[in-house]
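The chain contents come next:
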Amino acid sequence: MSTPVLTLENVTKRYGDFTAVDQINLSIPQGSVYGFLGPNGAGKTTTIRMILDIIRPDTGHIDVLGHRSAMDVRHRIGYLPEEKGLYKKMKVWAIISYFATLKGMSRSAARHKAFELLERYGLKDFAESSIESLSKGMGQKVQVLASIAHEPELVILDEPFSGLDPVNQEVLEQLIKDLSANGQTVIFSTHIMQHAERLCQRLLLITQGRKVFDGTVSEAHAIIPRRVVLETRGDIHSVRQLDGVLSVQEQAPEDGSARANGIRQWELYVKEQADSQQILQHCFENGVSLSRFDFTQASLHDVFVHLVGKEAREHNFR
Amino acid sequence: MRVTLLIAWREFMENVKTKGFWIGVLLVPIVFFLIFHISSRLATATPTRYFMLIDQSGEYGGAVATAISREHQRQVMQEFMRYLQANRVDMGGAPPPQAPANQLDQLMDDFGNDEVSALDDWLSNGGLDMALQMARPYLREDAPPFTPPRRQFIAIDPPADLDTSAPPQTIVEYMRPYLNGERRLQHDGTAVPLFALILVPANVAGDVVRPDSLERLMLSDGTPTGVQYWAANLTDTRLSSAIQGSLNNTIRQQEFAAQGIDIQAVRDIQRTRLPLSRLDPGKQLGEAEVSMADTFRQWAPMGFVYLIFISLMQSVQYLLSNTIEEKSNRIIEVLLASVTPGELMMGKLLGIGATGITTILAWITSFFVFLQLYQTVETAAIVQILDVLLSSDLIPYFVFYYLCCYALYAGIFLAIGSLCNTLKEAQSLIMPLIMILIVPVLTMSFIAQDPNGTMARVMSWIPLFTPFTMMNRAAAQPPMVDVVGTTIVLVLTTIAVLWLSGRIFRQGILRTGQPPRIVEVWRMLRRRRV
């Protein structure tokens, strides 16, 4: 793999007694799509702000595109902050072009690029509208375009999906894929796991300022055991004894009518190497009639809840 | 630098596009025009006043009638002066004809000196006709005929059923509803309101005050003495003061006569004058006479102080609201990922400074356009005055103090803006600054009167006041030590303020939540880096 676009070494940031970011280490390879996951208040935004040198870490080093400060290479970085906002009175194309010129593009090139992006991502008809006449979601799309118009090598998007409808979420996913295909590195933070699952090659999961996971998506899946979901009227006591089954929990069936018929839903956690066929065969042989048999990988959502778990719930409602 | 200019350009363009900017640009000339237009109309638009004279003494009624006639003649004189100025022959740059003006000056002066004989002269010499004849050689050929103003005070007869010989108390009680506007009197077939009742009691001669009767005056029991002037409107004093002056004149002439003094001699003595030439020590003998333009030049700095003040108030408004917009919209974060706080601050200062200068230029342009389109006597005088201004050394002073003042206050307001999330929060913080800014405006006319006095000199050395005060004093040749010294202090302070507000700006701009307390601001200034 080529030299990393971004490295963080033991980066820590405190606000008084509160440690926002605690000893984070990170290395992001070029051209990857990297997800920053974590509950609200985990330190994602603080980390991103430190990467951009808007605030300085108390200790540790950050290296961006081979430089100590992002300000030195700010023309090569694109940034969408968590709290979105644009000049209300400006026209859509003008604001994209303005931010691109601030990043070193010439006026004419910036203007040209603005119209090109607006056309490609379905906002052509709004090019001459003022920002205040747009909906919040459209404004957010404009801001994403404004952050990438100067073709940055590194794109950092803080919560880019929040507030977008499903159609526009897909447009944004496509945009991120386009950037990645173009060799641009994308870092985005989110707490919607489906996006991370679909887009990211690697994930960083932080909670309370500490890194709890850093790796590929499949590594993340491996963190919690696989599951088998069964629905049956029969007795599954014998299944518990099977080799490879770690634990069994009863779940409320999703279908209410099934419950009325006496069908119960069970969730079996199984070892990584466990053979699902063996469980199915066991049921068949012991006359346990199944109305449902699902063998699924744990979703990233489950991984997230598993890793962040109780702590996050406590902190969210602090 | 390129980025700074980009930011400045955007700030400028966005401000210029706002409604507020155009309201500011257009409102000032419109208000100026209206004030000008209305005040010149109002002078002639005062309604006709009806008064009633009841003279029970049979002695002073004539004096009152004279007073009212004299007040009318004064109006005629003033109108005539205006007419003369508007219609005199254009002498092609040569000074305007002095002779009639001097004679008119004499006449006006006589009026001012309570000299009834001047009016007698004016009337016996043909009054207005004489003045017109005197002025005719100097009038343009196409000059319109002079229309004298209508009488503003018209005598009205008492109601038929009023017994004018009744005691004053009774008459006043009877007339009270008329004076209060509840009832109206008949005059030439129309009902008119009564403006004033002038009642001369029968025994009024006994109320004449002489130096030896002062003691008696002290013991007065509160009942009105002398001539009684009853009017609901107490703000229009022209009639009452004219009557008072005329009465005193009559009394004094009687006294002269009683003591055997030749009245004609007294009149002549009262019209004797020794001219006073007002001279400027800063000029060569021969040109030292203080002209109207010179007088204006002394007062002109006040206009510049106003201009600085108004423009500054407008600019800081933009600075505050734009900074707070960026903060509350969180645009600031994108900006700070693209530019340094220093570049952002300088861009804002330049862009909004350019907006302010544009406004001033627009005002000046519209002012000139106004003068071109609306030519009257008054505007002709203003054009002369402007010529003086433009050729004077006040303009460079103005440019310098305007820029320094802007940089100084803009720095402070930017720092405040960076600490606040809403305009509401900012307003409580800028209140003290507004108070400070009002001081130079309040003291402006005192400083203009005594430009090198203690107050002016002390205020000049306080940097927040320096631009205003020194501008105010600019025409009065302040001591060199003041000019150079305060300039150094001002420039150094401005640099220091910009540097300090740069530090606050850098840290305040990313802050959220309540504006910081003083202690926190102090910490921001001391901290090396975020």
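As the structure is a computational prediction, the values presented were derived from the model and not from experiment. (Residues numbered from 1 in each chain as written. Chains lettered and ligands numbered in written order. Predicted model: local features only at pLDDT ≥ 70, side-chain atom pairs only at ≥ 80, totals over all residues.)

### Remarks on the overall build of chain B
Counting its regular elements, chain B contains 21 helices and six strands. In chain B, the share of contacts with a sequence separation of at least 24, taken over all contacts with a separation of at least 6, comes to 79%. (Helix = DSSP H or I, 4+ residues; strand = E, 2+ residues; numbered from the N terminus. Contact = placed C-beta atoms within 7 Å.)

### Structural notes on helix H9 (residues 238-258) of chain B
Residues and elements named next belong to chain B. Between its first and last C-alpha atoms H9 spans 30 Å; for 21 residues at 1.5 Å apiece the expected length is 30 Å, and the two agree. Along H9, the positions that sit buried rather than exposed are Leu239, Ala242, Ile243, Ser246 and Leu247. End-on, the buried residues of H9 take up no more than an arc of 130°, which puts them together on one face. Across from the buried face of H9, at angles greater than 90 degrees, the exposed residues are Ser241 and Glu255. After H9 finishes, the residue Gly260 shows a positive phi value of roughly 75°. (Expected span 1.5 Å × (residues − 1). Buried ≥ 20, exposed ≤ 12 C-beta atoms within 10 Å, placed from the backbone. Arc of directions from axis to C-beta.)

### What about the nonpolar core?
Across soluble globular proteins, you tend to see nonpolar side chains buried next to one another. Among the nonpolar cores identified, the biggest contains 133 residues, and Ile95, Ile96, Ala149 and Ile156 of chain A together with Phe413 of chain B are the most heavily contacted of them. Here Phe413 of chain B is in contact with Val316, Leu319, Leu320 and Ile430 of chain B, once residues within four sequence places are set aside. Core analysis: the next-biggest nonpolar cluster, separate from the first, contains 25 residues, Met52, Ile171, Tyr178 and Ile198 of chain B among them. (Core = buried A, V, L, I, M, F, W, Y, C linked by C-beta atoms within 7 Å.)

### Looking at the confidence of the model for chain B
The predicted structure's coordinates, where accompanied by low pLDDT, should not be read in detail. Overall, the predicted model of chain B reaches an average pLDDT of 78, with 79% of residues at or above 70. As a predicted assembly, this complex carries a pTM of 0.69 together with an ipTM value of 0.75. (pLDDT = per-residue confidence, 0-100.)

### Topic: the sheet that holds strand E13 (residues 290-296) of chain A
Residues and elements named next belong to chain A. Strand order in this open sheet of four strands is E11-E12-E10-E13, and the pairing throughout is antiparallel. The open sheet terminates on both sides in strands that have one partner only, identified here as strand E11 (245-251) and E13. In this sheet, neighbouring strand axes are inclined to one another by 20° on average, regardless of whether the strands run parallel or antiparallel. In this sheet, E13 lies alongside strand E10 (residues 226-232) in antiparallel orientation, the contact comprising six bridges. Each bridged residue has a counterpart across the sheet, and for Val228 the counterpart in E13 is Phe295. (Pairing = 2+ DSSP bridges. Axes fitted to C-alpha atoms, helices over the stretch in contact; angles between N-to-C directions.)

### Some remarks on the interface of chain A and chain B
The interface of chain A with chain B comprises 21 residues on the first partner and 18 residues on the second. Counting only elements with at least two residues in the side of chain A that touches chain B, the list comes to strand E5 (77-80) and helix H2 (92-102) of chain A. Per-element tally for the side of chain A that touches chain B: the top contributor is H2 of chain A, with four residues.

### Thoughts on the sheet that holds strand E4 (residues 59-64) of chain A
Residue and element names in this part refer to chain A. Taken in spatial order, the three strands line up as E2-E1-E4 in an open sheet, and their pairing is antiparallel. Two strands close off the open sheet at either side, each with one partner strand: strand E2 (18-29) and E4. Within the sheet, the average angular offset between the axes of one strand and its neighbour, ignoring direction, is 15°. Lying on the sheet, helix H1 (residues 44-51) is in contact with strand E1 (4-15), E2 and E4; it crosses E2 at an angle near 60°.

### What about the pairing of strand E6 (residues 154-158) of chain A?
Residue and element names in this part refer to chain A. Taking burial as the measure, the five residues of E6 include five buried ones, the bulk of the element. Covered by surrounding structure in E6 are Leu154, Ile156 and Asp158 together with Val155 and Leu157, the residues of both alternating faces. Here E5 runs beside E6; their pairing, made up of four bridges, is parallel. Bridge assignment links Ile77 to a residue of E6, and that residue is Leu154. Here five bridges tie E6 to strand E7 (residues 185-190), and the two strands are oriented parallel to one another. Along E7, the bridge assignment pairs Ile156 with Ile187. Regarding the hand of the β-α-β motif, the stretch spanning E6, helix H5 (residues 166-181) and E7 is right-handed. (Right-handed = clockwise from strand over helix to strand, strands pointing away.)

### Concerning the pairing of strand E9 (residues 210-216) of chain A
All names here are of chain A. Inspection of the sheet shows strand E8 (residues 202-207) paired to E9 by six bridges, in the antiparallel sense. Counterpart to Ile206 in the pairing with E9 is Lys211. What sits between E8 and E9 in their antiparallel hairpin is a turn of two residues, with Gln208 showing a positive phi close to 50°.

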